[in-house]
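Here are the chains, one letter per residue:
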Amino acid sequence: MTTTVRRATRPRVEARVDLDALAHNVGLLAGLARGSGAATMAVVKADGYGHGAVDVARTALASGATWLGVCTLEEAAELRAAGIRAPVLSWLHLPDEDFAPAVADEVDLGVSSRAELEGVVAGAGRAGRPARVHLKIDTGLSRNGCPPEAWGDLLDAVEAARLAGDVEVAAVWSHLAHADAPAHPTIDVQATRLDGAWRTAAERLGGPRPWRHLANSAATLTRPDLHLDLVRPGIAVYGLDPLDAPDGHGLRPVMTFRTHVALVKRIAAGEGVSYGHEWVAPDDRVLALVPTGYADGVPRRLGGMMTVQLAGRRRPVVGRVCMDQVVVDLGPAAGDVPPVAPGDEVVLFGAGDAGEPTAAEWARWLDTIHYEVVTGVGCRPRVTRTTAGTSP
Ligand SMILES: *Cc1c(COP(=O)(O)O)cnc(C)c1O
């Protein structure tokens, strides 16, 4: 092995995050929102969809976003601990959660139920300041959010808490079920229901008129009529088009997942490759061993299905994907074997500019969505995250 020096300077398996591409995407999305008079919240939940929440947040805020969105209080706390003071909304909580640190940190809180409100009020009491809440109405996703029949009851409790100085109501909001099908009839139904819930809230609650927000990435890209006061794009920030448009809506994929060849070897005709010998060499063959596997987020079911970019073109992974290794076929030993050496770069997926697979292509192979692909690799302990481009 001749890779000792390189190993010290390059990660074994790397998720490279292109912050310039991220800045481009946020600029594009924030420009669309601005055209409708809306502000932009970059959603950085799940560690920035596997791209690193803090780096993503800083870049997004320098590129036109003014808000950050997260799922959990822990994710909000990570941003605050990094010194990020921009408005942050956290939206999925258990009622027995300790909200006091989040209130003290000026984290806005999504509230979907009376029980959640009670937890928030208790947290505000301990923090000694009012909590800013975004009241979530379930307009048809049937997931998080207050069911319409409980909305009046929730508003009564919110108004009491508001008058007691425990909460300030920043917004009424909801989340779409079919945003990736921009003409789907449920979208207008949900928008109308949100509007109704917002009107009721504006009637029943004192204080400043709350904002309304509804749009995720897909609606930000395709439904300017739904931008309202704030848009909440997530996946598009990372350059992945939720609608799979041929031009990707001008988004640039941010993550490149790559590694290096560990070993090049020749095997004889008839020899099997990897566990279970699912691939048998039809003739004398040259193979490259690539040191990544399902422990790094390369799903085992991609065995015999995936290709990687190596030595200037796509080459197939043969045999099963193992925990730590896959084997790439470089072709017949008697043929035109490419000059591949240990240490050469192997791109598992990237922006696609050089012909490499993309996260969207992985999603097609896997019959899933690119959201699952990037969150699935970017958070693995053995995958080193690096950044390229100008981080603010
Ligand atoms: C994840 C999430 C978003 C972002 O959705 P994308 O499809 O990634 O744009 C927006 N709002 C809520 C409530 C979410 O949970």
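Counting of residues starts from 1 at the beginning of each chain's written sequence and follows it residue by residue. The predicted origin of the model limits local features to residues at a pLDDT of at least 70 and limits the giving and counting of side-chain atom pairs to 80 or more, whereas totals for whole chains, interfaces and linings rest on all residues. Hydrogens are left out, water is left out, and the side-chain values use all remaining heavy atoms of the structure.

## Side note on the overall build of the protein
Move 1: A count of helical and extended segments in the protein gives 12 helices and 19 strands.
Move 2: Overall size of the protein, expressed as C-alpha extent along the three principal axes, is 80 × 45 × 40 Å.
Move 3: Between buried and exposed lies partly exposed: a residue is buried under 20% and exposed over 50% of the maximum accessible area for its type, with that area taken using a 1.4 Å probe on protein chains only. A buried classification covers 52% of the 392 residues belonging to the protein.
Move 4: Two residues form a contact once any of their heavy atoms are found within 4.5 Å. Put simply, 66% of the contacts in the protein that link residues at least 6 apart link residues at least 24 apart.
Move 5: As presented, the protein carries roughly 16,400 Å² of accessible surface, and 52% of it is formed by carbon and sulfur atoms. Strands here are runs of E lasting at least two residues and helices are runs of H or I lasting at least four, both read from the DSSP assignment and numbered beginning at the N terminus. Accessible surface area values rest on a Shrake-Rupley calculation with a 1.4 Å probe, where residue burial reflects the displayed protein chains alone.

## Side note on the site of the ligand
Move 1: Nearness here has a simple test: a residue counts as near a molecule or strand if at least one of its heavy atoms is within 4 Å of that partner. Near the ligand, the surroundings consist of 14 residues, among which Lys45, Tyr49, Ser217, Ile235 and Tyr371 are the closest.
Move 2: Counting of polar contacts relies on pairs of N or O atoms within 3.5 Å, with two restrictions inside protein: one atom must be capable of donating a hydrogen and the other of accepting it, and residues adjacent in sequence are counted only when both atoms are side-chain atoms. Gly234 is positioned with one of its backbone polar atoms (N or O) 2.8 Å from an oxygen atom of the ligand.
Move 3: Contact distances for the ligand include 2.6 Å between an oxygen atom and a side-chain N or O atom of Tyr371.
Move 4: Contact with the protein chains hides 94% of the accessible area of the ligand, taken as 380 Å² for the molecule alone.
Move 5: Under the convention adopted here, Pro, Cys and the residues Ala, Val, Leu, Ile, Met, Phe, Trp and Tyr are nonpolar, Asp, Glu, Lys and Arg are charged, and Gly plus all remaining residues are polar. Residues of the shell around the ligand, tallied by class, amount to seven nonpolar, four polar and three charged.

## Observations regarding the side chain of Thr220
Move 1: Along the chain, the position of Thr220 falls in helix α10 (residues 217-222).
Move 2: By relative accessible area, Thr220 is classed as buried at 1%.
Move 3: Not counting the four nearest positions on each side in its chain, Thr220 is found in contact with Leu29, Leu32, Ala215, His227, Val231, Arg232 and Pro233.

## Structural notes on the UniProt feature "active site" (unreviewed entry) in the protein
Move 1: UniProt positions are given in the numbering used here, feature names are shortened, and annotations may be inferred rather than shown by experiment. This chain's UniProt record puts "active site" (unreviewed entry) on Lys45 and Tyr275. On the basis of their most widely separated C-alpha atoms, the annotated residues across 231 residues do not gather in one place, lying as much as 36.7 Å apart.
Move 2: Relative to the assigned elements, Lys45 resides in helix α3 (residues 45-49).
Move 3: According to the relative accessible area criterion, Lys45 is partly exposed, its value standing at 26%.
Move 4: Excluding residues that lie within four positions of it along the chain, Lys45 makes contacts with Gly69, Val70, Cys71, Glu75 and Trp91.
Move 5: When near neighbours in sequence (up to four residues on either side) are disregarded, Tyr275 contacts Arg320 and Cys322.

## Quick word on the packing of aromatic side chains
Both the distance between ring centres and the angle between the ring planes are used here to describe each pair of aromatic rings.
Move 1: Each pair of aromatic rings taken from Phe, Tyr and Trp, with Trp reduced to its six-membered ring, is defined by centres within 6.5 Å and is described as stacked if the planes are under 30 degrees apart, edge-to-face if over 60, and tilted in the remaining cases. Inspection of every chain in the model, using the stated rule, returns seven aromatic pairs.
Move 2: Summarising the aromatic geometry, the rings of Tyr49 and Tyr371 are spaced 6.2 Å apart at their centres and angled 35 degrees between planes, so their arrangement reads as tilted. Placement of Tyr49 in helix α3 and of Tyr371 in helix α12 (residues 370-378) is noted, with a sequence separation of 322 residues between them.
Move 3: Take Tyr371: its relative accessible area is 28%, and that puts it in the partly exposed class.
Move 4: Ring centres 5.6 Å apart and planes at 50 degrees place the aromatic pair Trp91 and Trp173 in the tilted group.

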